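An overview of the molecular structure
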Amino acid sequence: TGPPADPLTPDVAHRPGDGDADATSLETRLRAALAPSLQLLRRIGSGGMAQVFQAREPALKRLVAVKVLSGDLASSADARARFEREAQAVAALSHPNIVSIHTVGELDDGTPYFVMQYVEGRSMHARVEQDGALSVGEARRAIGEVAAALAAAHQQGIVHRDIKPANILYEESSGRSLVSDFGIAAMNAPPGGKRMSIQLTATGIMLGTPQYMSPEQLLAEPVGEKTDVYSLGLLAHELLAGTGPFQATSPHELIAAHLRDTPKRLAALRPDVDAELDELVARCLEKDPSKRPTADEVARRLGGVTLLEWPAPGLEELQGKLRHVAMGFLFGSGLASAAMLAVFSAGPRMNALVNSPASFALIALAVAGMLYLGVGVQRAVKTGRLARRALRGGYGWMTVAETLCDTRGDSGQIVTGSREYAGLATEARNRYRRSRVIRESSLLAAGALALPLLVAVIVSGSAGVVGSSGLWIAAAIPLALLAVAAWLGLDEQRAFGKRRRRSRAAAADMTRLAPVWNESFDAARGGSGIERGAPVAPGFMRWSMPLVLTALIVGTVLLVPIMVMSAAGPMYWTAMVPKFANTKSKMEFAEVTRRFALPDDPRVTPLAAGQAFHSLVMSAGDRVQTMFPEREPAVKLPPIDFNAPLPAGLFRTARTVQVPGLPASQEIVDAARRGFSAAEMAYLERIARMPHWAQWAVMARASTIDYLGARYQLPFPADAGGAWSLPISKFAGTKALAYANASRAAYWLARGRPDSAEHALREGVSVGLLMADEGNTLIEQLIGIVLTGIARDALIDLYAATGDPRGPALRKSVDSVIAAQDAASDTRGTPAFAGVDGRDVVALRSAMITLAADRNEMRGLRFEMLLMLSVAPCTNARELVFGPEADVRAAFDRAKRTMARFPSDTALLDLMYESPERVRVLDGRSGPRLAPLIDAVSFALRNPRLAGCSRILLLVNG
């Protein structure tokens, strides 16, 4: 297609010798101004007032165009105003058929430039000049798209005033037409709005290109939206006829023709122009603006900017899936049929074949074929279920079939006639649509019929109906279907291959990109010894990697890891089952204290509570190293450490010390009645004045908490491992804070402020209940129960010290729970899986699903069960190969509906479900001794579940 077009002023391409010295200076200054966010590549064009360069934006990995005001015009106020006006006009618009502005800037001397969308292709002027008039279909689309762009501009009060083929760019890769060069646009007041900008031209001054001007422009009268419509009619005439409507020999004749003559109808020049298009163009060229249609009417009648979502909503999972199903059947039937044909072909030599090493190869082929067939069946069942759902949902069978067969992802472009399919007649596009469906169906039929046909021949041969030649007939039918599919694929490649290759080459022009990137690399490495390496010969890359991969795949015994995992998986999984008592009995002790919790503050959001907890966890030393990206705490607190022993002589009455640096929480509040020494008060005051209590108070007033969302950067990165790689803290530091909270309450009681002491302890109750109710791990919820118990016991002491009757009542409630649990000894301390054989995988699995669905169970326990269920598919070959069964999928689907409150909960559930497919490193260990072999099989089968299961099962069990 020649050199890329200038995205805004494409009339003049750069040629050596056109002021190269000034251009070099300008390019040098522009390169410096753009660095480092943009890498300047080359100059691609120049116009009357600006030069355009191609650049690359590394951060977004895209090419852009940079338009900079020519140096000789930089000092002109009018030129600068017009240049900046163009940026203003385009920046106000957002439309797929308008070249967009990304950013603006200035060089060191104040020369303005702006960065805009890069369009790979030619202007319509160059296209008509080089290729002649467009087909009616292509012209209709181009006119409709330009009209849609103008309608969008008119809606914002912008009149282009210079619509001509040179200002319409044709994007080769998509077939789109884009309007550019708003340099002389008029900014009128949009409907119902205020005027957008001052007018740069005085009344009576004529701006534009006379060949494409409307009568009102030529008479220097006020212009409006219909001015652009007249120019659109001139553009349409040139696209369809190859020339403008008026053949004048001088500018005066041309102006007179625009003001006086009626153009000849297009239908008289081109019989293939339909009546609607002919009439519409004629109306656009009316002398009286009031008789012209609006740009919006033209766009609607010609179908400008036909946007079709593809695949259709809800059909994303179906796109291209028929090829996946067909490949499973083709590989499976091919391998199994090859083994069977070899056996039957051996005939009397079968004995020698059985006693030779080739027999092992035949067995491997047959087994591998059956595995691949299983994959194909599984894919077919899943795909069929999705297709049936789509059909029942109201989609037509052709839409579903096209989506299934869309391996290139561009069937939507065939339907709309865009990109390389632009200009194709409706029947031609329908032919290629049908061709794709037939091609993919032929592939599926070849794979699905190969083995059944062979079996049918064997059965028929046993009955004496056919002879051995029937074997080759059975093999010939799938081969014929494959030939049909190949021929249809080649037919499409012959029709569109050239355009596709040109589009790919335009999208990745390495010859320009590589040198610029190499310069950046050299600048970044400085004087270090980091090597970039010389380019490798393409032939080496073409042949070496396939040979290596083929050797690895062929040399791997596919069945060994699957059989090993199937045999060892149940044993290792049952060994992982957590041994814990009934959690409901523990929660009963927390429930008796719930009435002492502080009321929720609706202003405390779940994320704010999570950020407060994250700050406390970090300061208390509860953080565990993780490979998952973590957020910085919202509030950075000084680290606390209560591990240092109490200073000598302090709190001698304390007999039991839970934390070395704190007095016993069971006694410190009671001791406050007797009073403390000055040194003891000073020690307690330091605890009471810690800044950590502000974040503690935030948690105490929260109704729920989003700790995961506050701690981790979401979504979880794909390479960070599964949920088994998430670190689990024991919250020792957080528990120490609860003990310190009792000392804090004792301080306020000793100061004669029992209300402050009670408030501190009720904060402890609230924080503990928040963790017990909302924690996503069992340890977090159990620690919450402990925190509640610490605050509860201290509250009993406080009420006893102040004579508050609530103290004895609370003690009585606790004793009642203990008595009830002692009486029902079968529930207190009963294992969660009572009555279930610990070696029965099916029974354990069912019990875990039941616990995970039980809304009366602790949230952390339910998540623990789901984590265990994520590994259940590692215990048998079927799920190792085909993925989790319906019961596990349903358990996670139910959990998303009933347990996920925040995006972080959904992310955690997805992480759990995908754990076997994501885990690569666990606890710093990369895998067991079999890991390399399992990884090779996992790669060959494209099944990361094998590798992940081996690490979880074998590493967790030590």
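Residues numbered from 1 in each chain as written. Predicted model: local features only at pLDDT ≥ 70, side-chain atom pairs only at ≥ 80, totals over all residues. Heavy atoms only, no water.

1. With respect to the pairing of strand 2 (residues 50–57)
- The element strand 2 is largely enclosed, with a buried count of eight among its eight residues.
- Residues A50, V52, Q54 and R56 line one face of strand 2 and the alternating positions Q51, F53, A55 and E57 line the opposite face, and both faces are buried.
- Sheet topology note: the strand 1 (residues 39–46)/strand 2 ladder contains six bridges and is antiparallel. Across the sheet, residue R42 finds its bridge partner in strand 2, namely Q54.
- In this structure, the hairpin formed by strand 2 and strand 3 (residues 62–69) is closed by a connection of four residues, where K61 is found at a positive phi of approximately 55 degrees. (Buried < 20%, exposed > 50% of the residue type's maximum accessible area, 1.4 Å probe, protein only. Helix = DSSP H or I, 4+ residues; strand = E, 2+ residues; numbered from the N terminus. Pairing = 2+ DSSP bridges.)

2. Considering the packing of helix 4 (residues 136–155) against helix 6 (residues 225–241)
- For the pair helix 4 and helix 6, the least separation of the axes is 10 Å and the interaxial angle reads 165 degrees. When the interaxial angle is binned, helix 4 and helix 6 end up roughly antiparallel. The handedness of the crossing between helix 4 and helix 6 is right-handed. Where helix 4 abuts helix 6, its residues V136, A139, A142, I143, V146, A147, L150 and H154 lie against E225, D228, L232, L235, A236, L239 and L240.
- For the contact of helix 4 with helix 6, the class distribution of residues is twelve nonpolar, one polar and two charged. (Axes fitted to C-alpha atoms, helices over the stretch in contact; angles between N-to-C directions. Parallel < 35°, antiparallel > 145°, perpendicular 65-115°, else oblique. Left-handed = near helix turned anticlockwise from the far one by under 90°. Contact = heavy atoms within 4.5 Å. Nonpolar A, V, L, I, M, F, W, Y, C, P; charged D, E, K, R; others polar.)

3. A short note on the confidence of the model for the protein chain
- Averaged over every residue, the pLDDT of the protein chain is 78; residues scoring 70 or more account for 78%.
- Helix 19 (residues 538–554) is the least confidently modelled element of the protein chain, averaging 41 in pLDDT, while helix 25 (residues 692–700) averages 95, the highest of any element.
- With pLDDT under 50 throughout, residues 192–207 is counted as low confidence; its partners more than four residues away or in other chains account for 31 contacts.
- Here residues 547–557 scores under 50 on pLDDT; set against residues more than four positions off or in separate chains, the count is six contacts. (pLDDT = per-residue confidence, 0-100.)

4. Brief notes about the sheet that holds strand 8 (residues 168–171)
- Spatially, 6-8-9 is the arrangement adopted by the three strands of the open sheet, whose pairing is antiparallel. At either margin of the open sheet sits one strand with a lone partner, and together these are strand 6 (121–123) and strand 9 (177–179). Averaged over all pairs of adjacent strands, the angle between their axes in this sheet comes to 30 degrees, without regard to strand direction.
- For strand 6 and strand 8, the ladder comprises three bridges, and the chain directions are antiparallel. Bridged to S123 within strand 8 is L169.
- Packing of helix 4 onto the sheet brings it into contact with strand 8 and strand 9, and relative to strand 9 it is tilted by some 30 degrees.

5. Describing the side chain of S442
- Tracing the backbone through its elements, the reader meets S442 in helix 16 (residues 426–462).
- Residue classification places S442 among the buried residues on the basis of a relative accessible area of 7%.
- Once you skip the residues sitting within four places of it in the chain, S442 turns out to touch L481, V484 and A485.

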